[in-house]
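Observations on chain architecture
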Amino acid sequence: MTLVMGIVNVTPDSFSDGGRYLDPDVALAHARSLRAQGADLLDIGGESTRPGAERVASRVEQQRVLPVVEALASEGAVVSIDTMNASTAAAAVRAGARLVNDVSGGLSDPEMLAAVAETDVDIALGHWRGPSSEMYARADYADVGREVAAELEERVGAAVAAGIAPTRIVLDPGIGFGKRGVQNWRTLNALPALGALGYRVLVGTSRKRFLADALGDDADLARRDLATAVTSVLAARAGVWAVRVHDVPTTRDALAVARAWEA
Ligand code: PMM
């Protein structure tokens, strides 16, 4: 059964919900409501990765996320920390996070894989070709599905070499990261091949630009959430372990309907 990861961006500038949950108390209340709506995991992030976003000092990032991680973990929630910084990952694990979600697949911070190896938590390695300021300049592929899988396998090699057991690794094709328009659809189409590598797969399509492109206009959030529920069902059919979404009820319902169909 595909799990639902609820997104909690404690940032002023994430592309669809920036600034809404910058106050840790507001972020915590939002995370609790996602959990009550049925999120299986909560992904807490303190640095926006939206195209063109500026980097944030890890001290600021930690001030944003650690109180939220600690409170949720103490309530029994399964918490993931969305960070590219080893020091933030390590501090979040000490605060109770069970998964480190690094969209850069350990490439951004050379200390990341070693820091995670010292813990017993899982790591999600995202497909990434450089920081958001330059990622579109590197969006050149002959066969994007194949290249994403091959580059993620290299990241697995680095993670295992750093001392992380393969069973702790989750792969994420990095939708929207260094991929333009149709490249995202091709990457999703290749999910079965990514799953065939033998690792759990996490996918994040929620509210992203390429969904609006498919809808033919600059679709508002409600329409993007519906589109996200559809991609979540299709990803579930492709065998993914979890989908990362902003709006938990639409995706939960869509997954429940798909399960009923299959049963
Ligand atoms: N996308 C964003 C942030 N974190 N983490 C994973 N594992 N996969 C993603 O696709 C992903 C991510 C950017 O989206 P947001 O700003 O809406 O959180």
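Since the structure is predicted, the reported quantities are computational estimates derived from the model, not experimental observations.

Cut-off values and rules
- Each chain carries its own residue numbering, running from 1 in the written order of its sequence.
- With the structure being a predicted model, the display of local features is reserved for residues of pLDDT at least 70 and the display and counting of side-chain atom pairs for 80 or more, all residues being used for whole-chain, interface and lining totals.
- Water and hydrogen atoms were dropped before computing side-chain values, which therefore reflect all heavy atoms in the structure.
- Residues belong to a common nonpolar core when they are buried Ala, Val, Leu, Ile, Met, Phe, Trp, Tyr or Cys residues joined through side-chain atoms within 4.5 Å.
- Burial here depends on accessible area, computed with a 1.4 Å probe over protein chains only, as a share of the maximum for the residue type. Under 20% is buried, over 50% is exposed, and the range in between is partly exposed.
- By definition, any uninterrupted DSSP run of H or I lasting at least four residues is a helix, any uninterrupted run of E lasting at least two residues is a strand, and each is numbered from the N terminus.
- Note on pairing: two strands pair once DSSP finds at least 2 bridges between them.
- Axis definition: a line fitted to C-alpha atoms, over the contacting stretch in the case of helices. Angles run 0 to 180 degrees between N-to-C directions.
- We call two residues in contact when some of their heavy atoms are within 4.5 Å.
- Here roughly perpendicular refers to angles of 65 to 115 degrees, roughly parallel to angles under 35, roughly antiparallel to angles over 145, and oblique to all remaining angles.
- Each crossing is labelled by how the near helix is turned from the far one, with a counterclockwise turn of less than a right angle marking it left-handed and a clockwise turn marking it right-handed.
- Residue classes follow a fixed rule: Ala, Val, Leu, Ile, Met, Phe, Trp, Tyr, Cys and Pro count as nonpolar, while Asp, Glu, Lys and Arg count as charged, and any other residue, Gly among them, counts as polar.

Once that is clear, we can look at the nonpolar core. Grouped burial of nonpolar side chains is what soluble globular proteins tend to show. The biggest cluster of nonpolar side chains holds 63 residues, and the ones touching the most others in it are I44, L72 and V100. Counting residues per element, this core draws most heavily on helix 5 (residues 144-161), which supplies 6 residues. Listed in part, the 8 residues of the second largest apolar core include M5, L99, A124 and A242.

Pairing is parallel in the closed barrel, where 8 strands are placed in the order 1-2-3-4-5-6-7-8. Mean inter-strand twist for the sheet, computed between neighbouring axes without regard to direction, equals 25°. Where strand 6 (residues 169-172) meets strand 7 (residues 200-203), 2 bridges bridge the pair, whose relative direction is parallel. Bridge pairing links L171 to V201 in strand 7. Packed onto the sheet, helix 5 meets strand 5 (122-126) and strand 6 and runs at close to 155° relative to strand 6.

This part takes up the packing of helix 1 (residues 24-36) against helix 2 (residues 58-74). Where helix 1 contacts helix 2, the two axes come as close as 9 Å, and the packing angle between them is 40°. As far as their axial angle goes, helix 2 and helix 1 are oblique. The two elements helix 1 and helix 2 meet at a crossing, and its hand is right-handed. For the pair formed by helix 1 and helix 2, the contact residues are P24, A27, L28, A31 and R32 on the first element and R64, V68, A71 and L72 on the second. Residue composition of the contact of helix 1 with helix 2, by class: 7 nonpolar, no polar and 2 charged.

Here we come to the packing of helix 9 (residues 221-237) against helix 10 (residues 248-262). Taken N-terminus to C-terminus, the directions of helix 9 and helix 10 make an angle of 40°; their axes are 8 Å apart at the nearest point. With respect to each other, helix 9 and helix 10 are oriented oblique. Both helix 9 and helix 10 take part in a crossing whose hand is right-handed. Contact residues: D225, T228, A229, S232, V233, A236 and R237 in helix 9; T250, T251, A254, L255, A258, W261 and E262 in helix 10. Classifying every residue of the contact of helix 9 with helix 10 gives 7 nonpolar, 4 polar and 3 charged.

Now for unusual backbone geometry. When glycine is set aside, most residues are seen to have a negative phi, and most peptide bonds are trans. Phi angles above zero are rare outside glycine, and R207 is one such case at about 60°. Note on placement: R207 falls in the loop between strand 7 and helix 8 (209-215). Residue classification places R207 among the buried positions, given a relative accessible area of 8%.

As far as function goes, none of this settles anything; it's purely spatial.
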